[in-house]
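# Per-entry structural report
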Amino acid sequence: MDHGAHAAVMESHWGGGVSPFAATWQKTMMWIFIVTDGLLFSGLLCGYGFLRMANTIPWPKQSAVFSIPFIALMTFILITSSATMGTAVGAARLGDRRTAVRFLWLTILGGAAFLGCQAYEWTHVIHDGARLYGPLSGSELAHLGVPRQFPAAFFILTGFHGSHVLSGLVILTITALRTGLGKTPAQGVEMAGLYWHFVDLVWVFIFTLFYLV
Amino acid sequence: MSESTHGSPYRVYWITWAILLVITVAMLMAERFHMPRWFLIVFLVAFMMVKATMIGGNFMHLRFEKRNLAVMVAAGLLVTSLILFAYIAPESWSVLRSTVR
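Residues numbered from 1 in each chain as written. Chains lettered and ligands numbered in written order. Predicted model: local features only at pLDDT ≥ 70, side-chain atom pairs only at ≥ 80, totals over all residues. Heavy atoms only, no water.

### What about the domain arrangement of chain B?
All names here are of chain B. Definition in use: A domain assignment, automatic or from a database, supplies the domain bounds used here. Contacts are residue-level and defined by heavy atoms, with any inter-residue pair within 4.5 Å sufficient. Two parts placed together each lose some accessible area; with a 1.4 Å probe, that loss summed over both constitutes the buried area. The rule for a salt bridge is simple: a side-chain nitrogen of Lys or Arg has to be within 4 Å of a carboxyl oxygen of Asp or Glu. For this analysis, a polar contact is any N or O atom pair within 3.5 Å, provided that within protein one partner can donate a hydrogen and the other can accept it, and provided that sequence-adjacent residues contribute only side-chain to side-chain pairs. Residue classes follow a fixed rule: Ala, Val, Leu, Ile, Met, Phe, Trp, Tyr, Cys and Pro count as nonpolar, while Asp, Glu, Lys and Arg count as charged, and any other residue, Gly among them, counts as polar.
Along its sequence, chain B is organised into domain 1 (1-64) and domain 2 (65-101). Once you take the C-alpha centre of each, domain 1 and domain 2 turn out to be 23 Å apart. If you look at the interface, domain 1 gives 5 residues, while domain 2 gives 6 residues. Of the roughly 380 Å² buried between domain 1 and domain 2, counting both surfaces, carbon and sulfur atoms make up 66%. The interface formed by domain 1 and domain 2 holds 0 salt bridges in total. Inspection of the region where domain 1 meets domain 2 yields 2 residue pairs in polar contact (both at pLDDT 80 or more). Looking at side-chain class alone, the side of domain 1 that touches domain 2 contains 3 nonpolar, 1 polar and 1 charged residues.

### Regarding helix 4 (residues 68-94) of chain A
Residues and elements named next belong to chain A. Heads up, the rule is: Working definition: helices are DSSP H or I runs of at least four residues, strands are E runs of at least two. Numbering for both runs from the N terminus. What a helix is expected to span follows from its residue count: subtract one and scale by 1.5 Å. Type-normalised accessible area, obtained with a 1.4 Å probe on protein chains alone, sets the label of each residue: buried when under 20%, exposed when over 50%, and partly exposed for intermediate values.
For helix 4, with 27 residues, the first-to-last C-alpha span of 39 Å sits near the 39 Å given by 1.5 Å per residue. Helix 4 sits mainly inside the fold: 21 of its 27 residues count as buried. Immediately beyond the C-terminal end of helix 4, within one or two residues, lies G95, with a positive phi of roughly 85°.

### Looking at unusual backbone geometry
Its identity is not glycine, yet A22(A) carries a phi of approximately 55°, on the positive side. By the secondary structure assignment, A22(A) is in the loop between helix 1 (3-10) and helix 2 (25-53). Located in the positive-phi region is H61(B), a residue other than glycine, with phi close to 65°. Within the element layout of this structure, H61(B) appears in the loop between helix 2 (37-59) and helix 3 (67-100). For H61(B), a relative accessible area of 6% corresponds to the buried category.

### Structural notes on the packing of helix 4 of chain A against helix 5 (residues 97-127) of chain A
Residue and element names in this part refer to chain A. Our working rule: Only the stretch in contact is used when fitting a helix axis, every axis being a line fitted to C-alpha atoms; angles between N-to-C directions are given from 0 to 180 degrees. Angular relationships are summarised with four words: roughly parallel below 35 degrees, roughly antiparallel beyond 145, roughly perpendicular across 65 to 115, and oblique for the angles in between. Here a crossing is taken to be left-handed if its near helix is turned anticlockwise relative to the far helix by less than a right angle, and right-handed if that turn runs clockwise.
Interaxial distance between helix 4 and helix 5 falls to 8 Å at its minimum, and their mutual angle equals 160°. Taken as axis vectors, helix 4 and helix 5 run roughly antiparallel relative to one another. Note that helix 4 runs across helix 5; the crossing there is left-handed. Along the lines of polarity and charge, the residues of the contact of helix 4 with helix 5 split into 17 nonpolar, 8 polar and 1 charged.

### Quick notes on the packing of aromatic side chains
Residue and element names in this part refer to chain A. Let me state the cut-off plainly: Here a pair means two rings of Phe, Tyr or Trp (six-membered ring of Trp) with centres within 6.5 Å. Their orientation is stacked below 30 degrees between planes, edge-to-face above 60, and tilted elsewhere.
Enumeration over the complete set of coordinates arrives at 23 aromatic pairs over all chains. Where F41 meets F198, the ring centres are 6.3 Å apart and the plane angle is 65°; that geometry is what we call edge-to-face. With a gap of 157 residues between them, F41 in helix 2 and F198 in helix 8 (residues 186-212) connect regions that are remote in the sequence. For F41, a relative accessible area of 3% translates into the label buried. Aromatic ring contacts, followed pair by pair, group Y48, W59, F66, F114, W122, F150, F154, F155, W203, F210 and Y211 into a single cluster.

### Digging into the nonpolar core
How we decide: Throughout, nonpolar core names a set of buried Ala, Val, Leu, Ile, Met, Phe, Trp, Tyr and Cys residues whose side chains join them through atoms within 4.5 Å.
One finds W31(A), F66(A), M85(A), W203(A), F210(A), Y211(A) and M60(B) to be the most contacted residues of the largest nonpolar core, which totals 82 residues. When residues of this core are traced back to their parent elements, those giving at least two are helix 2, helix 4, helix 5, helix 7 (149-180) and helix 8 of chain A together with helix 1 (8-29), helix 2 and helix 3 of chain B. Looking at which element gives the most residues to this core, the answer is helix 8 of chain A, with 17 residues. When residues of this core are assigned to domains, at least three fall in each of domain 1 (1-64) and domain 2 (65-101) of chain B. In this structure W31(A) touches L194(A), M60(B), L62(B), L69(B), M72(B) and V73(B), once residues within four positions along its chain are discounted.

Below, the structure is given as C-alpha cells:
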C-alpha cells in the first residue's frame, strides 16, 4: 500500500472537532457513566418485569404491603431535593457561591431524609417477614400469599437505588465542603448535580413500575 | 430561600418541581377512577415518561445541550431498554404458559 492509500485509510474524517458534544470531557464522561448506570437499572427493572410476568402466583396489591402515602412522601422529598440541586447548580454557574452551598446542604438534607424513610420502610417490611429469598413462613407477608420473588425484587431494586442515594450524599457532602472553601468550580457542582438528578430519574421508574403498576 | 430563587435564573427548576408534583399526585389518584387495568398501565407509563423527560430536559439541562448528546443519552437508554424488554417479555409468557400447564 503506498503512502497516499495508507493515509486515506488511516486518516480520520471525523468532523466533530475536539468536542463533538460541545461539552467538556468531564461532562461527556459523566453522561457516558449515567447511560451505563442507567442500563444497570434498566436490566434490574426488566428482570423484575420477567419475575412478575412469569409468576403463577398473583403479584400482591402494593397498598397491601406498603404504605403508598409514605412512598409518595419519599417521592416528594426526592423531587424537592432535585429542585434544590438544580438551584445549587444554577447559583454555581452564576458565581453565587453562598447560594450554591446553601442549596447543596438543603439537597443533602433531602437525600438524608429520603434514606431515613427508606431505612424505616425496610425495617417495616422486614418486620412483616420479608427476606431476600422470600417471605418468612407464618409471617404477615406469607399470609398475604406474596410470591417469594416479590421481596427479592423489592430489596434488589430499592437497595441498589438506596446505595446510589448514599453515594450521592457522599459526593454532595464533599462538593458542598469544597465549594464552601472555593476549591470546586461550577462544573464540579454541575457534575454532582447530574448524578443526583439521575438518582431522582431512576426513582421515577421504580416508583411507577414497582409501587404503582 | 433567597429572593433570587423566585427570579428568572432558578425559575425553571421550581416550575419543573411543581409540575412533577402535580403529575405524581395525578398518578397516585389514578387508581381511584376504576379505569381498565390496561388503560391505567398506559396512563402511568405515559406520565412516567413525561416525568423522566422533564427531569432529563430541565434538571439535567439536556434541553440546552447539543442535540447529539441528548440523542445519545435518550436513544442509548431507551432503545437498549426496549430491546432488552422485547427479548425478555415473550420468554416470561412462555415460562408462565409452561408452568400453568
